[in-house]
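Below are the chains, spelled out letter by letter.
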Amino acid sequence: MSVQADSQYMRQAMTAGAKDFQSKPFTADQLVSAIRRVYKNGIPAYKQFAHMRHLQSLSPADDDVQAGPSKPAGAPIVMVYGPKGGAGTSTIAVHLAVAWQKSAGNVALLDADLQFGDVAVNLNMQTNTTIGDLGRIREIDPDIVAQVLSTHPSGLHLLAAPHKPEFADLITPEKITQVLTHLRQSHNLVVVDTSSLLVDRMLSVIDQADWIVLNTTPDLPAIKNTKLFLELLSRLEFSIEKVEVVVNKANMLGGVPPEEIKRALKVEHLYFLPNDIKFQVATNQGQVIFESDPTSTPAKAMQSLAHRVFEKISPKETMRP
């Protein structure tokens, strides 16, 4: 709460960790509404922490109890996540998926930014079916999932975000889990593009993910959010060894130097992608940069990123033709 009401002051408060902001004067109803709003947004995290406390309270004899839900056998699931919007997370997810489709084949890409997903736009695809079509189906089976996939010219299978934001509420965390389970069983590799908002559906993706490509940019708010997300993963007992941190727009003017980013995030290795207008040009053309300008510096950097991450995540014995 503050007498300061300008947007810059509000952004500083949010950067410092505030979940909501109330400028004085305000009514009792406005204050109660803000408290309820913050509580509602925090419910998924509260549930996760309660689950962790329950596990910690179990006696050592309960060796058969595992932290979090078990993952079914099948292809690896790679979650691409950026804790700050506008960092190019969808661009990275699209390029990784297309690159892995070319090298491994039979790759699925799920756009889990359910309200404002733009993966289909990035790929210049008109999709007649989306994950929103599964919203009113109680039991989802592999055949139903296959019917709502769209195929990119590269052969990549896309499960697009709903055409309208209001359809996002039809997709429950349980449906996300069902969809990912079926995609895992029918593909060589599954890539999930996500929104920056950690609602319960995103926590379901984390539960199912085998690897996370964590995207940040060299500015303090993004680095702060990335550090908080890494700390959250640690509390959720997700192996940090299976998190690959990418610094997008790494050479942007005035950016935080790489060594300072490493120290802040306490990670051994970072992947760097250049700040290049050619990425934006390719996106606006609905192309991946491998196709629009394959010999360019950003194309080579993205190909290198895709290759190096793929070497870590790909269980070659599970690859299907």
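### With respect to the confidence of the model for the protein chain
- Looking at the protein chain as a whole, its pLDDT mean stands at 83, while 86% of the residues score no less than 70.
- Low pLDDT (under 50) marks residues 51-69, which in the prediction has ten contacts with non-local residues, meaning those over four places away or in another chain.
- Low pLDDT, under 50, characterises residues 317-321; the stretch is placed with 14 contacts to residues that sit more than four places away or in other chains.

### Some details on the pairing of strand β6 (residues 211-216)
- Of all the six residues making up β6, six are buried; the element is thus mostly covered by neighbouring parts of the structure.
- What you see with β6 is no split at all: W211, V213 and N215 on one side and I212, L214 and T216 on the other are buried throughout.
- Pairing of strand β1 (residues 77-81) with β6 involves four bridges; the strand directions are parallel. Bridged to V78 within β6 is W211.
- Relative to strand β7 (residues 243-247), β6 runs parallel, the two sharing five bridges. Directly across from N215, in β7, lies its bridge partner V246.
- For the segment spanning β6, helix α8 (residues 220-235) and β7, crossover handedness is right-handed.

### A few points about the sheet that holds β1
- Strand order in the open sheet formed by eight strands is β3-β4-β2-β5-β1-β6-β7-β8, and the pairing between neighbours is mixed. Only two strands of the sheet have a single neighbouring strand rather than two, namely β3 (150-151) and β8 (271-272).

### Some details on unusual backbone geometry
- That bond from K24 to P25 is cis: its omega, 0°, falls within 30 degrees of zero.
- A positive phi angle, near 60°, is found at E237, a position not held by glycine.
- Of note, E237 is situated in the loop between α8 and β7.
- Although it is not a glycine, K249 adopts a positive phi angle of roughly 55°.
- Position of K249 relative to the elements: it lies in the loop between β7 and α9 (258-265).
- Residue K249 is classed as partly exposed on the basis of its relative accessible area, which comes to 28%.

### Observations concerning the pattern of salt bridges
- All chains considered together, the criterion is met by three salt bridges.
- Linking R37 and D20 is a salt bridge whose minimum nitrogen-to-oxygen distance equals 2.8 Å. Residue R37 is located in helix α2 (residues 28-57), and its partner D20 is located in the loop between α1 (7-15) and α2; the two are separated by 17 residues in the primary sequence.

### So, the packing of α8 against α9
- Relative to each other, α8 and α9 sit at 35°, their axes nearing to 9 Å. Considering only the axes of α8 and α9, their crossing is right-handed. For the pair formed by α8 and α9, the contact residues are I223, T226, K227 and L230 on the first element and I261, A264 and L265 on the second.
- A per-class count over the contact of α8 with α9 returns five nonpolar, one polar and one charged.

### Digging into the environment of L305
- Turning to its location among the elements, L305 is positioned in helix α12 (residues 297-313).
- Relative accessible area serves as the criterion here: at 2%, L305 is assigned to the buried category.
- Contacts of L305, omitting those with residues within four sequence positions, involve I92, L96, V246, Y271 and L273.

### Considering the packing of helix α6 (residues 173-186) against helix α7 (residues 200-208)
- As a packed pair, α6 and α7 sit with axes 8 Å apart at the nearest point and diverge in direction by 30°. As judged from the angle between their axes, α6 and α7 are roughly parallel. You can see that α6 and α7 cross each other, and the crossing is right-handed. In contact with P173, I176, T177, L180, T181 and R184 of α6, α7 contributes D200, R201, S204, V205 and Q208.
- Along the lines of polarity and charge, the residues of the contact of α6 with α7 split into four nonpolar, four polar and three charged.

Calculation rules
Residues numbered from 1 in each chain as written. Predicted model: local features only at pLDDT ≥ 70, side-chain atom pairs only at ≥ 80, totals over all residues. Heavy atoms only, no water. pLDDT = per-residue confidence, 0-100. Contact = heavy atoms within 4.5 Å. Buried < 20%, exposed > 50% of the residue type's maximum accessible area, 1.4 Å probe, protein only. Helix = DSSP H or I, 4+ residues; strand = E, 2+ residues; numbered from the N terminus. Pairing = 2+ DSSP bridges. Right-handed = clockwise from strand over helix to strand, strands pointing away. Salt bridge = Lys/Arg side-chain N within 4 Å of Asp/Glu carboxyl O. Axes fitted to C-alpha atoms, helices over the stretch in contact; angles between N-to-C directions. Left-handed = near helix turned anticlockwise from the far one by under 90°. Nonpolar A, V, L, I, M, F, W, Y, C, P; charged D, E, K, R; others polar. Parallel < 35°, antiparallel > 145°, perpendicular 65-115°, else oblique.

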